[in-house]
Structure formats: C-alpha cells, structure tokens
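Breakdown of the fold
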Amino acid sequence: MKKKIILGVLSFSLFFLVSGIFIVISIERGISNLDNLIKLHKVELLREHLLIDLRRVQSDIQLKNTRYAKGAAAMVAHARSMDAAMDGCFRCHHSANIHKILWELKENINRYKEAISRVLTIRADVKRLEAEEDAAYRVGNDLVAQVDLIVEIANRKLDEKTDSTLAAIAISKKILFLLLIAGPLGATVSGFFFIRSVTKPVGVLLEATRHVKNADFEYTIQETLKDEFAELATAFNEMTSSINRQYQEMQRAEQLTVYGEMAAGLAHEIKTPLAGIKGAMNLLRKENGITEENREVLESAIGEIKRIESLMKELLQYARPSKPNLMRVDLNEVLKDIIDLLPRYPAFRRGDFGTIEVSTDFAPDLPVLDTDPLQQQQIFLNLFLNAADAMQEGGTLTVGTSYHQREWIEVVVSDTGRGIPPEHMKSIFKPFFTTKPKGTGLGLATTKRLVEQHGGVITVAAAQIRGTSFHIRFPLQKEAAGGKTV
Amino acid sequence: MSGGRVLVVDDDALILTVLQKALKDKGYKVNTETGARDLLAKVRSWAPDVVLLDVNLPGKTGIEILEEIKEKGIDTEIVMLTADDTADTAIKAMKLGAVDYLTKPFDVDEVGHRHRQDH
C-alpha cells in the first residue's frame, strides 16, 4: 500500500513535471516563431522600401524634363536611399544562395546608378541624353521587375511561414488544452480509484466489525483484499475465529453449568420417590406369601431401579463434577494403583476369548502434578474399561507416561482393540454417545470434562486400522505448590 | 436393639410407609412425622432412641432441626437421610452431632444395619 501511494505520487509528479516542461517549451517555441515572423515582416518592409525607392528613381527619370521634375539633388538622394536599402539586404541574409541573388541585384543596381549618373551628367548632346535616359529607364524597369519577383516570392514564403507558425501554435494550444483536461481528469480518476481502493476494504472491515458487534462471531471476511488490508483481514478472521472458539467454549461451559444444575435438581427430585419405590419393592420381595414368579418380577424391577441410580450418578458426575481436591501427586503411582485393581473388574476378567495384557512404560522421575487423585482414578479407569470393552477377544492395554520439564505431563493409553470408526471420531466425547448396548455414553464425556477441569487436553489418534490411542496432557504448574504427595 | 424407638421424619409418604414397615418388621417401635412442626415436642414427649431425619423438609431443613435438638440437649441419636450424594451435607451433619447418614435411594436392609451398628 505504502509503495503504491509513493508510486502514485511519483507518477503524478512526473506527469506534472513533463507537462510543465512541455508547456514552457511550447511557449518558448511559440514566442520564438512569432519573433521570427515579426523579423520577416520587417524584412518584407525593407524589400517594399527598396521597391518604392526604385520606383521613385524611375519616376524621377520619367519626370526629369517636365515641370514636375524634382531636380537632380532629389534624384541623387532617392538613388542613395535605394542603394542603402539594397545594402540593408546583406545585413539580414547570410546564406550563399541568397547572397548570389543579392550580388546580381546589387550589380544591376550599380549599373542603374551608372546609367542615372550618365543621365545627370550629359548636358549638350540631347539625342545621347535621351538614349541614356531610355537605357536607364529600361534598366530601372528590369530592376523593378526583378525586385517585384523577389518580393512576390518572399511574400509567398512569408505566408507559408506564417501559416506553419500559426499551425504549430494551434497544435501546441490543443496539446495544452488536452493537458489541462487530462491533468485534473487523470487526478480525479486516479483519486477515485485510490479512494475506492481504501474505502472498499474499509467498508468490508466495517461490515465485519458490525457482525462482531452483533455477536456474529462465525462471520469471516471472504472478499480478497490487497496489501495491508489483506493482512488486516487475515488478522481479523483469526481474531473472530479465536473469539468464536472462546465464545463457544464459554457457552458450552454455561450450558454445562445449567445442565448440571438441572441434572442435580432432577436427580434430587427423583431420588426421594425412588428411595420409596426401591424400599417398597424390597419389602414386598421379602413378604412371606409372595410367589417365586412375582419375586423375580420385583427383583428385575429393583435391578432397573439400580440402573436408574447408576445412570443418575454418572449424569451428576458429568454434569456437576465435584471441585478437584488438589494435592501433589505422582501420576505413575496413581496409574499403578488403578492397574493393580483392574483384575477386579469383569471386563478384565472375562478371558473367554482371550486375555488382556497390560503393558506399562512409565517415565522415571516423572514430575509431581497438582491434581485430584480420585478424579485422576476416574479419568483413567474410564479409559481402561473402555479399552477392555474394545478388546473382547483379548489384546494389550499399554499405558505410558512422558513429560516435558516444567511444561506438561502426557499419559498415552493405547489398546489393540477394534478401533473407532472414522465417522464416530467427532462424537466420542459427546455426552450420551455410545456404541455399547448398555452404555450410558457418559464415560468419555466425563473423562474429557475432568481432564479439562484440570486444565488438560485429551485427544484420540485415529490413524490406526486397529486399536485406539488416547493422549492426555496435563500442564505442570510452573511454581512449586505446597501440599502433600500421594 | 430390637424394641427401640425410632422416629422417622420425612415429607415423602412412601418413604415413611416403607421405613415404618421395615423397622416394625425388625421389631422397632416406629413413629412418623412429615415436617418440622411440633417435632421437638414429639421428640421430648415420645423420647425416641433414634431419629431418622430427612435433610430436605418443608419449613425448616433437617440440619436446622438437628442443630435445635442438639442445642436443647435432647438425648437422642440422629441419622440423617439425604438425597444429595455430595459429602458436604453429610460432613456438616456429622460435625453437628449426627451419628450417621443414609443417601437416598438407600437399601431398606441398610437402615436396620446402621441401627444395629449404632446400638
């Protein structure tokens, strides 16, 4: 953008500079041409003057012996004036061709002057005098004809020169007018495009800002903007995307809080009548007169009530998890404790089709983590039981830990089970999503919520054909917090 | 302590019925109350060995009633009934002098068991 502005300003300056130079040159050339024309016209006057002097001398010859004669002195003065006019021609013309013509003319004038001189000096011989007068007059006539021709040619050339000068001035005038129109017009058009190139992206950004003002954080700038505006649009899109993510997380957290309250209220309201129903059924089951068939019905009803109890418990754990009771924990020890307890769970005891091996790869000297050990148990027990469910034909559960000093601890839980179909990958952490016939779909959702409650992140690797890997990463507190180590 | 007196306080009629029958079947003398009204007078006059006291009662909460009984120095043991499975309420009740607590939905057999444990 800055480059473009500089380039634009430079182009304008260059345009005006070139235009200015052209205008100055045009004016100079016009003045010079006009000056030449004036000089040529002055020369023209001199030629006319020569012609007039010639004619005056001719007239003096004609009137010499009449009562209109002006006398010899006047004729001599006129002849001198003619001679001076002739000499004046040499002052202006300098080219060789013209000089040749002028010398011829000068010679003729000299002959004319000699003839006049003879006319003025012969006194006694009348016949000879008349002959000399005729001769002088003829020479004079020839001279007049010659000068007339020169004047005519010179006039024609002067007209041509005048026409060409006026034509050149007219062209310059047109170009000047064109520049006069092109300059402001060019400035207006370029200004329009420049302003448009600024106002258009600003308009796009303004529109985007309005969307954000109205809490439309999903809005992104689709238009292709240029230069700094493109950077601004990218930054804006990144900003809205980040706000949108945070906004959605906030909304999700708010929703979870509301659901938690609702679930807790609902669970509370259900528990009291459920306690009565369960108690009543237990009492009836123990009645003496009841048939075995009815007892079985009651027992299966009690079984269903227990399922409701367990569902409500899980729902409460997900929707309103208790606040973590933080203490300094060696996560390796927590994981070892859970693994030691795994044989107690039916999923790990089936062994009908194959056994589940548990392999561990714990990082030595794992930094202690400020966490709630009970919630950690819940997190990993959920994952281990899920892994066992995925390996009903046997397999290996691998649990590994690693860490980045002062940054994070990572636990990887992998199984060699049936894996997760790609179409389920997006949903596995959503509440009530389950592929198990009797699952509540709250296990992984609760795990994720508990991990996030500890500031951690859980991800699942999907690239494998078989097996699944969950990566759970917990941030390490930078400062050494107090508390007991479990 | 077969033959002991148990006062059950709950606003849920079915729970009252079930507990009354279960405890009577085990040989206890049982009396019931549905709320805080006249409860203290009943505790004084009937002198139960154990009061099964629901936490959520209309009017006064079970915790408030527990406090009153303990303040007035009435000699009876109190077991709280609660639908809230977070430990907070139970811990509070125990601190105030309750001997035990049962989380709803409890097992009827568990009620008798707790009594036998206590006595």
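Above this text sits the structure in question.
This section reports on the structure supplied with the text. (Residues numbered from 1 in each chain as written. Chains lettered and ligands numbered in written order. Predicted model: local features only at pLDDT ≥ 70, side-chain atom pairs only at ≥ 80, totals over all residues. Heavy atoms only, no water.)

1. Side note on the overall build of chain A
Put simply, the test is: Starting at the N terminus, helices and strands are each numbered in turn, a helix being any DSSP run of H or I of at least four residues and a strand any DSSP run of E of at least two. Burial here depends on accessible area, computed with a 1.4 Å probe over protein chains only, as a share of the maximum for the residue type. Under 20% is buried, over 50% is exposed, and the range in between is partly exposed. Every residue pair with non-hydrogen atoms within 4.5 Å of one another is taken to be in contact. For every accessible area listed, the method is Shrake-Rupley and the probe measures 1.4 Å; residues are considered covered only by the protein chains on display.
If you tally the helices and strands in chain A, you get 10 helices and 7 strands. Within the span of chain A, comprising 486 residues, buried residues form 35% of the whole. Taking all contacts inside chain A whose residues are at least 6 apart in sequence as the whole, residues at least 24 apart take part in 74%. Here chain A has roughly 29,900 Å² of accessible surface; of this, 59% comes from carbon and sulfur atoms.

2. Brief notes about unusual backbone geometry
Residue and element names in this part refer to chain A. For Asp-365, which is not glycine, the phi dihedral falls at a positive 55°. As for its position among the elements, Asp-365 is in the loop between strand E2 (356-361) and strand E3 (369-371). Relative accessible area serves as the criterion here: at 70%, Asp-365 is assigned to the exposed category.

3. Quick look at the side chain of Asp-370 of chain A
All names here are of chain A. The test is simple: Polar contact is the term for a pair of N or O atoms within 3.5 Å; when the atoms are in protein, one must be able to donate a hydrogen and the other to accept it, and sequence-neighboring residues count only if both atoms are side-chain atoms.
If you trace the backbone, Asp-370 turns up in strand E3. Classification of Asp-370 as buried rests on a relative accessible area of 12%. A polar atom in the side chain of Asp-370 sits 3.4 Å from the side chain of Arg-328.

4. Observations regarding the nonpolar core
Across soluble globular proteins, nonpolar side chains have a tendency to be buried as a group. Residue and element names in this part refer to chain A. The condition that has to hold: To qualify as a nonpolar core, a set must consist of buried Ala, Val, Leu, Ile, Met, Phe, Trp, Tyr and Cys residues joined through side-chain atoms within 4.5 Å.
The biggest cluster of nonpolar side chains holds 40 residues, and the ones touching the most others in it are Phe-380, Phe-384, Leu-397, Phe-470 and Ile-472. Element by element, the count of residues in this core is highest for helix H9 (residues 373-390), at 7 residues. The contacts of Ile-472, once residues within four sequence positions are left out, are Phe-380, Leu-383, Ile-409, Glu-410, Val-411, Val-413, Val-451, Val-457 and Ile-458. Membership of the second largest hydrophobic core comes to 27 residues, among which are Met-75, Phe-90, Ala-136 and Val-147.

5. Observations regarding the sheet that holds strand E4 (residues 77-82) of chain B
Sheets are built from strands that pair by backbone hydrogen bonding, the pairs being arranged parallel or antiparallel. All names here are of chain B. The test is simple: At least two bridges found by DSSP between two strands are what make those strands a pair. Angles run from 0 to 180 degrees between N-to-C directions of axes, and those axes are lines fitted to C-alpha atoms, restricted for helices to the stretch in contact.
With respect to topology, 5 strands assemble into an open sheet ordered E2-E1-E3-E4-E5, the strand pairing being parallel. Each end of this open sheet is capped by a strand with a single partner; those strands are strand E2 (29-33) and strand E5 (100-103). Across the sheet, the axes of successive neighbouring strands diverge by a mean angle of 20°, strand direction being ignored. Bridge count between strand E3 (residues 50-54) and E4: 5 bridges; the pairing is parallel. When the sheet's bridge partners are listed, Val-51 is paired in E4 with Ile-78. Strands in contact with helix H3 (residues 62-71) are E3 and E4; relative to E4, the strand with the most contacts, it is inclined by about 175°.

6. Remarks on the interface of chain A and chain B
How we decide: A simple way to read buried area is as the amount of 1.4 Å-probe accessible surface that goes missing from two parts once joined, with both sides added. When a carboxyl oxygen of Asp or Glu is within 4 Å of a side-chain nitrogen of Lys or Arg, the pair counts as a salt bridge. Residue polarity is assigned by list, with Asp, Glu, Lys and Arg as charged and Ala, Val, Leu, Ile, Met, Phe, Trp, Tyr, Cys and Pro as nonpolar; anything else, Gly included, falls into the polar class.
Contacts between chain A and chain B engage 19 residues on the former and 18 residues on the latter. Between chain A and chain B, a total of about 1,500 Å² is buried, with carbon and sulfur atoms accounting for 62% of that surface. Here chain A and chain B share 1 salt bridge between them. Glu-287 of chain A serves as the salt-bridge partner of Lys-21 of chain B, at 3.0 Å between the closest nitrogen and oxygen. Top element by residues in the side of chain A that touches chain B is helix H5 (residues 227-285) of chain A. It accounts for 13 residues. Each residue belonging to the side of chain A that touches chain B can be placed in one class, and the counts come to 7 nonpolar, 5 polar and 7 charged.

7. Here's the deal with the packing of aromatic side chains
Residue and element names in this part refer to chain A. Spelled out, the test is: Classification of ring pairs uses Phe, Tyr and Trp, with its six-membered ring standing for Trp, and accepts pairs whose centres are within 6.5 Å; under 30 degrees between planes counts as stacked, over 60 as edge-to-face, and the remaining range as tilted. Over a ring means this: the NZ of a Lys or the CZ of an Arg is within 6 Å of the ring centre and within 35 degrees of the ring normal.
Scanning all chains against the criterion turns up 7 aromatic pairs over all chains. Considering the side-chain rings of Phe-192 and Phe-193, the 5.5 Å spacing of their centres and the 75° angle between planes classify their relative orientation as edge-to-face. What makes Phe-193 partly exposed here is its relative accessible area of 49%. Over the ring of Trp-408 we find Arg-473; its NZ or CZ atom is 3.7 Å from the centre of that ring.

8. Things to note about the packing of H3 of chain B against helix H4 (residues 87-96) of chain B
All names here are of chain B. How we decide: An angle below 35 degrees is treated as roughly parallel, one above 145 as roughly antiparallel, one from 65 to 115 as roughly perpendicular, and anything else as oblique.
At their nearest, the axes of H3 and H4 sit 10 Å apart, and the two run at 10° to each other. In terms of their interaxial angle, H3 and H4 are classed as roughly parallel. Between H3, through Ile-63, Leu-66, Glu-67 and Lys-70, and H4, the contact on the second element is made entirely by Thr-89, Lys-92, Ala-93 and Leu-96. In terms of residue class, the contact of H3 with H4 is built from 4 nonpolar, 1 polar and 3 charged.

9. Some details on the environment of Ser-414 of chain A
Residue and element names in this part refer to chain A. By the element assignment, Ser-414 lies in strand E5 (residues 408-415). For Ser-414, a relative accessible area of 18% gives the class buried. When the C-alpha positions of Ser-414 and Phe-384 are compared, they lie 9.0 Å apart, and in sequence the two are 30 residues distant. Polar side-chain contacts of Ser-414 include one of 2.9 Å to the side chain of Ser-469.

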